[in-house]
Amino acid sequence: SGLSLFFGPIATDASGKIYTLDGNQLKCFTPLGVRSSPTITIPDLGPPPYYAATNANILAVGVDGTIYIETNSAVRTYNPDGSAGSLTIPLTTANTLGGTPAFAVDAIGQVYVVDGAFIKTYKPDGSRIMPTIPIANAASGYEVSGIAVK
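Residues numbered from 1 in each chain as written. Predicted model: local features only at pLDDT ≥ 70, side-chain atom pairs only at ≥ 80, totals over all residues. Heavy atoms only, no water.

Caption draft 1: Expanded view of the pairing of strand S3 (residues 25-29). Burial runs high along S3: four of the five residues are buried. The pairing of strand S2 (residues 18-22) with S3 spans five bridges and is classified as antiparallel. If you follow Leu 21 over to S3, its bridge partner there is Leu 26. Connecting the antiparallel pair S2 and S3 is a turn made up of two residues, with Gly 23 showing a positive phi of about 65°. (Buried < 20%, exposed > 50% of the residue type's maximum accessible area, 1.4 Å probe, protein only. Helix = DSSP H or I, 4+ residues; strand = E, 2+ residues; numbered from the N terminus. Pairing = 2+ DSSP bridges.)

Here it is, written out as structure tokens:
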């Protein structure tokens, strides 16, 4: 029905539908707050560091309704109906400056992932493309805690 006391990140889609991660479940609500579909149970992906299904930190929804979830081991996609998508971008410790992964999705479905001192760009099919964007002051100990694209 509702959310637990410790629900996670929140995202919206183009229609105003609200998505949130609540433990290992993605829950959806209409713009008026009425529970909606899909509900996605994110599977446990194995022992640490892949246990992150219950520790998903980042959520994004693409213009086409594709749902992107970061599980500390990868950015994974789900289709608007809740079925598993085909994109998986593995994350390594280099993707997590200070332990905080960061990624964003633009209007055409390109995914931007923090990788050490750089932001790397991926096509919707998961293949790497240019540009690779350097992060100013990353080597000086500054931590990236988020990324946004238009």
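Structure shown, so let's carry the discussion forward.
Caption draft 2: Representation of the side chain of Lys 17 in the model. In this structure, Lys 17 sits in the loop between strand S1 (10-12) and S2. Nearest to the buried, unbridged Lys 17 among oppositely charged side chains is Asp 13, at 5.3 Å. Within the structure, the side chain of Lys 17 is placed 2.5 Å from the backbone oxygen of Ser 37, a separation counted as a polar contact. (Lys, Arg positive; Asp, Glu negative; His and termini not counted. Salt bridge = Lys/Arg side-chain N within 4 Å of Asp/Glu carboxyl O. Polar contact = N/O pair within 3.5 Å; in protein donor to acceptor, adjacent residues only side chain to side chain.)

Caption draft 3: View of the environment of Thr 66. When you line up the elements, Thr 66 lands in the loop between strand S5 (58-61) and strand S6 (67-70). Among the residues examined, Thr 66 registers a relative accessible area of 12% and is labelled buried. Taking the C-alpha atoms as reference points, Thr 66 and Asp 81, 15 residues apart in sequence, are found 9.0 Å from one another. Among all residues touching Thr 66, those that are not within four sequence positions of it are Ala 60, Val 61, Thr 77, Tyr 78 and Pro 80. (Contact = heavy atoms within 4.5 Å.)

Caption draft 4: The sheet that holds strand S10 (residues 111-115), seen in detail. The strand order across the open sheet built from four strands is S9-S10-S11-S12, with neighbouring strands paired in antiparallel fashion. Here the strands that pair on one side only, and so sit at the sheet edges, are strand S9 (103-105) and strand S12 (128-134). With strand direction ignored, the average angle separating the axes of adjacent strands in the sheet is 20°. Direction of pairing for S9 relative to S10: antiparallel, over a ladder of three bridges. Its bridge partner lying in S10, Val 105 is registered against Val 111. (Axes fitted to C-alpha atoms, helices over the stretch in contact; angles between N-to-C directions.)

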